[in-house]
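What follows is the residue order along each chain.
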Amino acid sequence: MDAATYTATERLRDGRAFEIRALRPNDEVDLLTAVDRSSPQSLYRRFMGAKRGFSDKERTFFLNVDFIDHVALVAVVEEGDRASIVAGGRYRRVMEEPGAAEIAFTVVDDYQGQGIGTALLRHLAAIARQAGFKEFTAEVLADNTPMLKVFRKCGLAYNSKRSADGVHVVLQL
């Protein structure tokens, strides 16, 4: 499985098909449109602080993935006559912890609760396992109940530890 050309079809809870695929360099406009469609609360939960836009450095980070140490997938749904990015998930190697990668997700509000985050996690875990990773880590705000629920119910061994800043999650691959 080549992460850079990865593609799979999944189903929303309402039965509609959607594609999970590797992020492409030409996805910038669609990715920024998805951010614009996200509520301030969703962006706060993802970035652990207020966020409405990205600096050039942040855009470069989010769009330029090597599919070795940094893997990014997007969820694409047909909306009318066009395909729209409605979610994204990524992992990045944790250099200080061999075999570990930090994982993060965001799902456009209108598509939350449809199983997209769970599907992204499942596909990222398969790619990471094949690449030799042993665990995912994540920092999650304590009030981000939907993301914590996805992690708890994903089928991977789950450990968490609360801190003043939130919840540190470890998933065994």
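For the structure itself, look to the data block above.
Residues numbered from 1 in each chain as written. Predicted model: local features only at pLDDT ≥ 70, side-chain atom pairs only at ≥ 80, totals over all residues. Heavy atoms only, no water.

Its location among the elements puts His168 in strand 8 (residues 167-172). For His168, a relative accessible area of 28% corresponds to the partly exposed category. Sequence spacing of His168 and Glu139 is 29 residues, and the spatial spacing of their C-alpha atoms is 4.8 Å. Leave out the neighbours within four places in its chain, and His168 touches Thr137, Ala138, Glu139, Asn159, Ser160 and Lys161. Separated by 2.4 Å, the side chains of His168 and Glu139 make a polar contact. (Helix = DSSP H or I, 4+ residues; strand = E, 2+ residues; numbered from the N terminus. Buried < 20%, exposed > 50% of the residue type's maximum accessible area, 1.4 Å probe, protein only. Contact = heavy atoms within 4.5 Å. Polar contact = N/O pair within 3.5 Å; in protein donor to acceptor, adjacent residues only side chain to side chain.)

Looking at the secondary structure, you find Phe67 in the loop between helix 3 (56-63) and strand 3 (70-79). A C-alpha to C-alpha distance of 9.6 Å links Phe67 and Ile127, two positions 60 residues apart in sequence. Leaving out residues up to four positions away in the same chain, Phe67 has contacts with Ala3, Ala4, Ala22, Leu23 and Ala72.

On the surface, Arg13, Lys149, Arg152, Lys153 and Arg162 cluster together to form a positively charged patch. In this fold, Lys153 is placed in the loop between helix 5 (145-152) and strand 7 (157-162). (Patch = residues over 30% accessible without salt bridge, like charges linked within 9 Å, V, L, I, M, F, W, Y side chains within 5 Å. Areas by Shrake-Rupley, 256 points an atom, 1.4 Å probe, with all protein chains shown as cover. Salt bridge = Lys/Arg side-chain N within 4 Å of Asp/Glu carboxyl O. Lys, Arg positive; Asp, Glu negative; His and termini not counted. Charge placed at Lys NZ, Arg CZ, Asp CG, Glu CD.)

Our focus in this paragraph is the side chain of Asp27. Tracing the backbone through its elements, the reader meets Asp27 in the loop between strand 2 (17-22) and helix 1 (28-37). When residues no more than four places from it in sequence are discounted, the contact partners of Asp27 are Arg21, Ala22, Leu63, Val74 and Ile85.

Under the counting rule described, the total for this entry stands at three aromatic pairs. Centre to centre, the rings of Tyr91 and Phe136 are 5.5 Å apart; their planes meet at 40 degrees, and the pair counts as tilted. Of this pair, Tyr91 sits in strand 4 (residues 82-93) while Phe136 sits in strand 6 (residues 135-140), and the two are 45 residues apart along the sequence. Comparing Tyr91 with Phe136 shows no difference in burial state: the two are buried. When the ring of Phe105 is compared with that of Phe151, the centres are 6.2 Å apart and the planes differ by 55 degrees; the resulting orientation is tilted. Linking Phe105 in strand 5 (residues 100-107) with Phe151 in helix 5, this pair joins segments that are 46 residues apart in sequence. In this structure Phe105 comes out as buried when scored by relative accessible area, which is 8%. Site record: aromatic cluster; members linked through ring pairs are Tyr91, Phe133 and Phe136. (Phe/Tyr/Trp six-rings, centres within 6.5 Å; stacked < 30°, edge-to-face > 60°.)

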